[in-house]
Amino acid sequence: MFVSGKRNVLFYWGNISIVADVDRLLLETGLRPDTDFELAVRGLDGQGAQGGMIWGDPRLFESPHATVSVDVPGGVWQMVAQPRGGWPVLSLFGSSLFWLALGCTGLFSLFVAQLNRKQRQLQQGNRELRRSQARFERLAHYDTITGLPNRVLFQQQLTQAIAHGHGLAVLMLDIDGFKQVNDSLGHAMGDLLLQQATARFLQELDSSDRVCRLGGDEFVFMLQGTHGQINHQVRHLLSCLRRPFDLNGNAALVTGSIGLAWCPQHGEDVVNLLRHADTAMYVAKESGRNAWRPYHPDMTQRLQQRLELERNLRRALQHNEFELWYQPKLDLFSGRVEGVEALLRWRDPDHGLVSPGEFIPLAERTGLIIPLGERVLELACAQLAAWRAKDCLPGPLAINVAPLQIERSDYVSSLAVALERHGLSPSLLEVEITESLLMESQQQACAALAQLRAMGVATAVDDFGTGYSSLAYLRALPIDHLKIDRAFIKDLPGDDDAVAIARAIIDLGHALGYHITAEGIETQEQYDFLRNAGCDQGQGFLLGRPMPAEALQAWLDNHRQRHSGSR
Ligand code: C2E
Ligand code: MG
Ligand code: MG
């Protein structure tokens, strides 16, 4: 090696020998040591990349993928290495590693996509679960027709109110006449009425008040305030129901009956408050509807008696504890027996003979009047058949029919079947329907009366004068007899009003073609007045009390003897 001296004179310095670790060099370039490679060195005069070539092909430096600097005395050399024939062109598609990586990436993406889909499904599932939970919550706690809280939620709200509040009242409200709306206009209109009633109730309530629908036409309210405020609100609730409802063009008129229980006087827990409000509501209903009653402990006692009566009535039906008594009907002119009326009696083993006034209203309320009415029909037909067999028929037998029988059961066809079963002519039966029934369910009653008459069964309006119907209205009905209610007979002949009414009914009734019967004749004066006023027929204690069939037989024999004797 030469180094430059003064005045650019070169001096011989000595020899340099390089020992290079080529394997390491190759490894650093990423080549395996057994690769066939070429080497080149530059840096003549120790000037590295700037120096002249020392050894090898200078083109190797043109693409210097693997160079290494080597320190030498007085400067730097640079070495380069390259596989013989050049560096291989790296192709991704030729690499199995690439395909493996690509495959893995694809699978991974697929996996991620699946994961996302599952996640979305899971989220949607959760949303639906939440929605069906929402929905389930609504079903469990809210009424589907009115959207009001149901009994479960209301009980929770009431429990809280009892714990926090005072001046708390629980009201039970039942819509009078709802059944008729449902029956005549259909359930959809019934639902509409419930919705409209709910809207009216909500308008009447303060923000702290609550209302729920218990089911059917029963609502329960929880009101807060003083006695005065709550009484005022109760009256408003009743009056808001009285306004006509427009059910898709059908006008419907209903009223409400409300029972009220105060907390804590009438109960300190949900069960007692609801029960006592319910009891009071029944009393309000029985008092004539469109009314409200605060609870009183006596009411519970009466309710228990009624429940006991109902139990006994069911048992009585099973054990055939009913019998018919018969009251004669007389022609007021001739005094002849023209027929008899069958009056129901219940021979209770514990309480003895029970009159229909005590159990018929309950039988009507509970629906027991339907099987009871069937029993009356059967007893009446069996008795007629027995009289006919002995050839001692006292004339046509009149039976009383309750409103519910005409409304609910297939009364006319049951009657036809009973007559046929006993081989009886329809002319042996007469059916009495109270005037109030005619007013309540005019269409059904009218249709039933027309069918009965077409069969040959006579029809009568019972208790006439109590149902506020006019004679002009009755004219359109298929009726043979009018029975003047006892209320108009009892003050005859002393009371001028009673006289005027009795005369008017008899005269107008006759003018319209009816046969007139006076009920409840107790005195000879009443009898005389009615006969002179032109009344056709009479019934009453003066003439003959209701009696069992055997007693009637004796009475009839006796009467016949007296009658023939007096002629
Ligand atoms: P109703 O059909 O008007 O029967 C007349 C009622 O007046 C009977 O009462 C009879 O005993 C009573 N009575 C008759 N004459 C006199 C009298 O001179 N003075 C007084 N104070 N009362 C007299 P009862 O038997 O207690 O029946 C009461 C009501 O029960 C009947 O009134 C009728 O509406 C109903 N009823 C009776 N039997 C049946 C039945 O089989 N089915 C149905 N649905 N109702 C019945
Ligand atoms: Mg009667
Ligand atoms: Mg009567």
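Residues numbered from 1 in each chain as written. Chains lettered and ligands numbered in written order. Predicted model: local features only at pLDDT ≥ 70, side-chain atom pairs only at ≥ 80, totals over all residues. Heavy atoms only, no water.

Caption draft 1: Molecular detail of the coordination of the magnesium ion (ligand 2). Listed as protein donors to the magnesium ion (ligand 2) are E341 (OE), N400 (OD1), E432 (OE) and D462 (OD); their distances from the metal cover 2.0 to 2.2 Å. One chain supplies every donor for the magnesium ion (ligand 2), spaced along it as E-x58-N-x31-E-x29-D. Here the magnesium ion (ligand 2) and the magnesium ion (ligand 3) are spaced 4.1 Å apart, with D462 acting as a shared donor. With E341 in strand β15 (residues 337-348) and E432 in strand β18 (residues 429-434), the pair connects residues that are 91 residues apart, well separated along the chain. In this structure, E341 and E432 share a single accessibility class: buried. (Donors = N, O, S within 2.8 Å, 3.2 Å for Na, K, Ca; no water. Helix = DSSP H or I, 4+ residues; strand = E, 2+ residues; numbered from the N terminus. Buried < 20%, exposed > 50% of the residue type's maximum accessible area, 1.4 Å probe, protein only.)

Caption draft 2: Up close: the coordination of the magnesium ion (ligand 3). The protein atoms that coordinate the magnesium ion (ligand 3) are D462 (OD), D463 (OD), E519 (OE) and E519 (OE), at distances spanning 1.9 to 2.7 Å. Motif for the magnesium ion (ligand 3), donor spacing along one chain: D-D-x55-E. D463 gets classed as partly exposed once you look at its relative accessible area, which sits at 24%.

Caption draft 3: Molecular detail of the pairing of strand β17 (residues 397-401). Of all five residues in β17, four are buried, a share of seventy percent or more. Note: β15 against β17, two bridges, orientation parallel. Across the sheet, residue V340 finds its bridge partner in β17, namely L397. Inspection of the sheet shows β17 paired to β18 by five bridges, in the parallel sense. Its bridge partner lying in β18, A398 is registered against E430. (Pairing = 2+ DSSP bridges.)

Caption draft 4: Region of the structure containing the site of ligand 1. Of all residues adjacent to ligand 1, which total 23 residues, the nearest are R345, N400, D462, E522 and F541. Residue N400 places a side-chain N or O atom 2.8 Å away from an oxygen atom belonging to ligand 1. Within the contact set of ligand 1, an oxygen atom lies 2.8 Å away from a side-chain nitrogen or oxygen of D462. Expressed as a share of its isolated accessible area of 790 Å², the protein-covered part of ligand 1 is 82%. Secondary structure elements with two or more residues in the shell around ligand 1: β15, α9 (356-366), β17 and β19 (458-464). If one sorts the elements of the shell around ligand 1 by residue count, β15 sits on top with four residues. Classifying every residue of the shell around ligand 1 gives ten nonpolar, five polar and eight charged. (Near = heavy atom within 4 Å. Polar contact = N/O pair within 3.5 Å; in protein donor to acceptor, adjacent residues only side chain to side chain. Areas by Shrake-Rupley, 256 points an atom, 1.4 Å probe, with all protein chains shown as cover. Nonpolar A, V, L, I, M, F, W, Y, C, P; charged D, E, K, R; others polar.)

Caption draft 5: Looking closely at a positive patch on the surface. Among the surface-exposed residues, R127, R130, R131 and R135 lie close enough to one another that they form a single positively charged patch. Following the sequence through the fold, R135 ends up in helix α2 (residues 96-141). Judged by its relative accessible area of 53%, R135 falls in the exposed class. (Patch = residues over 30% accessible without salt bridge, like charges linked within 9 Å, V, L, I, M, F, W, Y side chains within 5 Å. Salt bridge = Lys/Arg side-chain N within 4 Å of Asp/Glu carboxyl O. Lys, Arg positive; Asp, Glu negative; His and termini not counted. Charge placed at Lys NZ, Arg CZ, Asp CG, Glu CD.)

Caption draft 6: Focus on the nonpolar core. If you look at the biggest cluster of nonpolar residues, it comprises 80 residues, and the most contacted ones within it are I399, L415 and L530. Examining the composition of this core, we find that nine residues originate from one element, helix α10 (residues 369-389), more than from any other. When sequence neighbours within four positions are dropped, the list of residues in contact with L530 reads L332, I489, L492, I506, A518, I521 and C535. (Core = buried A, V, L, I, M, F, W, Y, C linked by side-chain atoms within 4.5 Å. Contact = heavy atoms within 4.5 Å.)

Caption draft 7: Representation of the sheet that holds strand β9 (residues 218-224). Read from one edge to the other, the open sheet built from five strands follows the order β8-β9-β7-β12-β13, with strand pairing classed as mixed. The open sheet is flanked by β8 (210-215) and β13 (291-294), the only strands paired with a single partner. Neighbour-to-neighbour, the strand axes of the sheet open up by a mean angle of 20 degrees, direction not taken into account. One ladder, built from nine bridges, connects strand β7 (residues 168-176) with strand β12 (residues 255-263); its direction is antiparallel. By the bridge assignment for β12, I175 is matched with G256. (Axes fitted to C-alpha atoms, helices over the stretch in contact; angles between N-to-C directions.)

Caption draft 8: Layout of the pairing of strand β20 (residues 481-484). Side-chain alternation along β20 places H481 and K483 on one buried face and L482 and I484 on a second face that is also buried. With three bridges connecting them, β19 and β20 associate as parallel partners. Residue pairing for β20: A460 is matched across the bridge by H481. Looking at chain direction, β20 and strand β21 (residues 515-518) are connected through four bridges and run parallel. Bridge pairing links I484 to A518 in β21.

Caption draft 9: Fine view of the packing of aromatic side chains. Tallied over the full model, the rule gives six aromatic pairs. Taking 5.1 Å as the distance between ring centres and 75 degrees as the angle between the ring planes, the aromatic pair formed by F201 and F219 counts as edge-to-face. Placement of the pair is F201 in helix α5 (residues 187-204) and F219 in strand β9, with a sequence separation of 18 residues. When the centroid spacing of 5.2 Å and the interplanar angle of 80 degrees are considered together, the rings of F201 and F221 count as edge-to-face. Linking F201 in helix α5 with F221 in strand β9, this pair joins segments that are 20 residues apart in sequence. (Phe/Tyr/Trp six-rings, centres within 6.5 Å; stacked < 30°, edge-to-face > 60°.)

Caption draft 10: Highlighting the side chain of T300. Assignment of secondary structure puts T300 in helix α8 (residues 297-318). A polar atom in the side chain of T300 sits 2.3 Å from the side chain of Y295. Filtering out sequence-adjacent residues up to four positions away, T300 remains in contact with H276, T279 and Y295.

Caption draft 11: Molecular detail of the pattern of salt bridges. Counted by the stated rule, this structure contains 21 salt bridges. E286 is the partner of R365 in a salt bridge, and the nearest nitrogen-oxygen pair spans 3.2 Å. Placement of R365 in helix α9 and of E286 in helix α7 (residues 270-286) is noted, with a sequence separation of 79 residues between them. Where E432 meets K483, a salt bridge forms, and the shortest distance between an N and an O atom there is 2.7 Å.

Caption draft 12: Representation of the packing of α10 against helix α12 (residues 411-421) within the structure. Contact geometry for α10 and α12: axes closest at 9 Å, N-to-C directions at 25 degrees. One way to sum up the angle between α10 and α12 is to call them roughly parallel. For the element pair α10 and α12, the recorded crossing hand is right-handed. On α12, the residues that touch E374, L377, E378 and C381 of α10 are Y411, S414, L415, A418, L419 and R421. Considering only residue class, the contact of α10 with α12 consists of six nonpolar, one polar and three charged. (Parallel < 35°, antiparallel > 145°, perpendicular 65-115°, else oblique. Left-handed = near helix turned anticlockwise from the far one by under 90°.)

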